[in-house]
Amino acid sequence: FEVCQDRAWYWNFFVSRHFRHGVSFLAGDSAHSWPPFGGTGGNTGYGDAFALGWRLISAVRGEASEALLDSYSVERRQHALQTAMFVLRIVPRPQLVKKFYAKPFFEQSLLQRWMVRSWRFRNTGAHSGNHFCQSGLQLGIKYNLSPIIVTEDVIPPD
């Protein structure tokens, strides 16, 4: 095994403003990217592929309108933003934590000790609940702003 090249790896964090432009659609890492925590990037990409797939099949069969194809961008971007916010809550902040690991733990102030313990609790095996408590992100997704789904909130009263 020989290392031919090495480079620093930087976290990439973005969600595209649009998932559709004309006949072009974005899905997976071309539409959104964030640090690899909890499998959220891959799972969100699979969700994009599924959501886009059935819409395109409907369009090819002549069963879909432009509104159905437009709904992909609205629904999946909303979901990508929700997932990105989840990742922001669980991702470690190395620039903050690194400051506090430099000194022995007992020499640090109460706030610094709390931050270190809090980070360890959220991001280690001591408590991995945050990584697995993703209700509504990976399973049970709700599209609250979908232009093709009617909810009681948008049905006018009698």
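Residues numbered from 1 in each chain as written. Predicted model: local features only at pLDDT ≥ 70, side-chain atom pairs only at ≥ 80, totals over all residues. Heavy atoms only, no water.

Draft legend 1. Examining the side chain of His32 more closely. With respect to the helices and strands, the residue His32 is situated in strand E4 (residues 32-33). Among the polar contacts made by the side chain of His32, one reaches the side chain of Asp48 at a distance of 2.5 Å. Residue contacts for His32: discarding those within four places in its chain leaves Phe14, Val15, Phe19, Gly41, Thr44, Gly45, Asp48 and Ala80. (Helix = DSSP H or I, 4+ residues; strand = E, 2+ residues; numbered from the N terminus. Polar contact = N/O pair within 3.5 Å; in protein donor to acceptor, adjacent residues only side chain to side chain. Contact = heavy atoms within 4.5 Å.)

Draft legend 2. Representation of the packing of aromatic side chains. Applying the stated criterion to the full structure yields two aromatic pairs. Taking 6.2 Å as the distance between ring centres and 55 degrees as the angle between the ring planes, the aromatic pair formed by Phe19 and Tyr72 counts as tilted. With Phe19 in the loop between strand E1 (14-15) and strand E2 (20-21) and Tyr72 in helix H2 (residues 66-90), the pair connects residues that are 53 residues apart, well separated along the chain. Just as Phe19 is buried, Tyr72 falls in that class too. Geometrically, the ring pair formed by Phe25 and Tyr72 is edge-to-face, given 5.9 Å between the ring centres and 70 degrees between the ring planes. Of this pair, Phe25 sits in strand E3 (residues 24-25) while Tyr72 sits in helix H2; the two residues are 47 residues apart in sequence, bridging distant segments of the chain. A residue is classified by how much of its surface remains accessible, and Tyr72, at 0% relative accessible area, is buried. An aromatic cluster is built from Phe19, Phe25 and Tyr72, whose rings are joined through pairwise contacts. (Phe/Tyr/Trp six-rings, centres within 6.5 Å; stacked < 30°, edge-to-face > 60°. Buried < 20%, exposed > 50% of the residue type's maximum accessible area, 1.4 Å probe, protein only.)

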